[in-house]
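Examining the three-dimensional arrangement
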Amino acid sequence: MIHHLVSWKLRDDVDRDESIARTRELLMGLVGIVDSIRTIDVIENVAFPEVNHDLAVLATFDDIAGLEAFADNPIHRAAVVEIHTFVTERGGIDWSTDEN
């Protein structure tokens, strides 16, 4: 299982609630479009806003190929372009829980 976590800091001049809602709409809308998504959730930060990112997406895939299919999907790519219009920072990490 591959876990994919990306978080963002929103720009100060955007509406926080609207930006989070739009991110959720864009990314959750990929369910049923990108077959490799096993789970996906858009989560909002609730503590330490001065140092933490404002929101994140956490998704799981069976393998790296599934993550790559997600990353390369044109609808996902369009969502990323839009999300980048209201964020200032991005962080991410991908990890495996498979035992080798």
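Residues numbered from 1 in each chain as written. Predicted model: local features only at pLDDT ≥ 70, side-chain atom pairs only at ≥ 80, totals over all residues. Heavy atoms only, no water.

Ordered by their spatial adjacency, four strands build an open sheet running E2-E3-E1-E4, and the pairing between neighbours is antiparallel. Looking at which strands have only one partner, the edges of the open sheet turn out to be strand E2 (39–44) and strand E4 (87–96). Within this sheet the neighbouring strands show an average axis-to-axis angle of 15°, counted without direction. Pairing geometry for strand E1 (residues 2–10) and strand E3 (residues 55–61), over seven bridges, is antiparallel. In the strand pairing of E3, His-4 is matched with Ala-59. Along the sheet, helix H1 (residues 16–28) makes contact with E1, E2 and E3, crossing E2 at roughly 175°. Seen against the sheet, helix H2 (residues 64–72) touches E1, E2, E3 and E4 and runs at an angle of roughly 35° to E1. (Pairing = 2+ DSSP bridges. Helix = DSSP H or I, 4+ residues; strand = E, 2+ residues; numbered from the N terminus. Axes fitted to C-alpha atoms, helices over the stretch in contact; angles between N-to-C directions. Contact = heavy atoms within 4.5 Å.)

Our next topic: H1. Here H1 contains 13 residues, and its C-alpha end-to-end distance of 18 Å stays within 8% of the 18 Å for a straight helix at 1.5 Å per residue. Looking only at H1, the buried set comprises Ser-19, Ile-20, Thr-23, Leu-26 and Leu-27. Considered in projection along H1, the buried side chains sweep an arc of 130° and stay on one side of the axis. In H1, the exposed positions that point more than 90 degrees away from the buried face belong to Asp-17, Glu-18 and Glu-25. As for H1, its buried residues are in contact with E1, E2, E3 and helix H3 (74–83). (Expected span 1.5 Å × (residues − 1). Buried < 20%, exposed > 50% of the residue type's maximum accessible area, 1.4 Å probe, protein only. Arc of directions from axis to C-beta.)

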